[in-house]
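# Structural overview for review
One letter stands for each residue in the lines below.
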Amino acid sequence: MNVPYLLLDIDGVLIPFPQGDGSIPATHVRHEVVPDGRTPEDPVTVWLNPVHGPMLTNIFRSVPLAPVWCTSWRRDATTLIGPLLGLPALTYVDLPRPKITTSHPNGYLWKRDYVDAWLGDEPAVWIDDDFTALDHGWAVQRTAAGFPTLLVQPDAHLGLQPEHLTQVTAWARRLSGDIASPMPAASPRREAP
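The sections below set out a description of the structure shown in this document. (Residues numbered from 1 in each chain as written. Predicted model: local features only at pLDDT ≥ 70, side-chain atom pairs only at ≥ 80, totals over all residues. Heavy atoms only, no water.)

## Focus: the pattern of salt bridges
Close approach of charged atoms allows side chains of opposite charge to pair. Applied cut-off: Any Lys or Arg side-chain nitrogen located within 4 Å of an Asp or Glu carboxyl oxygen qualifies as a salt bridge. Runs of E in the DSSP output that reach at least two residues are strands. Runs of H or I that reach at least four are helices, and both are numbered from the N terminus. Only protein chains enter the accessibility calculation, which uses a 1.4 Å probe; a residue whose area is less than 20% of its type maximum is buried, one above 50% is exposed, and one in between is partly exposed.
Tallied over the full model, the rule gives 6 salt bridges. A salt bridge links D128 to K111; the shortest N-O distance between them is 2.8 Å. You can see D128 sitting in the loop between β6 (124-127) and α4 (133-144) and its partner K111 sitting in the loop between β5 (91-92) and α3 (112-119), a full 17 residues away along the chain. Residue class for D128 comes out buried when judged on its relative accessible area of 1%. Given a relative accessible area of 4%, K111 falls into the buried group. A salt bridge links D116 to R142; the shortest N-O distance between them is 3.7 Å. Residue D116 is located in helix α3, and its partner R142 is located in helix α4; the two are separated by 26 residues in the primary sequence. For D116, a relative accessible area of 32% corresponds to the partly exposed category. The network of salt bridges with shared partners includes D9, K111 and D128.

In short, geometric facts, not functional conclusions.
Here you go:
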C-alpha cells in the first residue's frame, strides 16, 4: 500500500469561522495576507493558531503520510498560510473555482468529486470542517473497496484540535504495517489532473 495522503483544508480547520458574536478562539493570532488576485491595499485578515504549525510538522515527521493542501486557497495555501505556521512547502490539489451558491450543491462537499478523481485508488485521511453524511458514506465505501479513507471534521468555529491529530496518528499507524517509511512532505506522488 502507498503512503496515505493527508488532505488538509484551511477555512474552518486552521482559520476558524467567527462565533455568532464575532469572536475567534483566544489561541489564534491575527495576520493580514494578500492572496493571488488581491492588492496590498485589499488584504484578507486571517486568524491562525501558532501551535498548529509544530503540531502538524510533528505529524508529518512521525507517521507515514503525504500532506497535501485541499482548500479553496489553492496555491496561496503553500505561499501564504503555510509559512505563517512554519510549515514546509506542500503541494496542493488544484481545485477549480466553481460557480456555486452552496458548498453542498449535490448534498455533499463540492470538493469531493475533484478529490475522488485526484486520489484514484490511493488511501487518504481528509481534514475538513464541511462534510455531510454523504461524504462520510463515501469514505466508508472507499474503505470497504480497499482504499482506506478517514474523514476528520473539526468544529468550524474552533478549528483543528489536538484530538483530531491523535485520531489521524492512530489511523496512520494502524495502516503503517503495509508502508515502509514516511514520505517527505514536499514530495508529491501525483500531479493534479
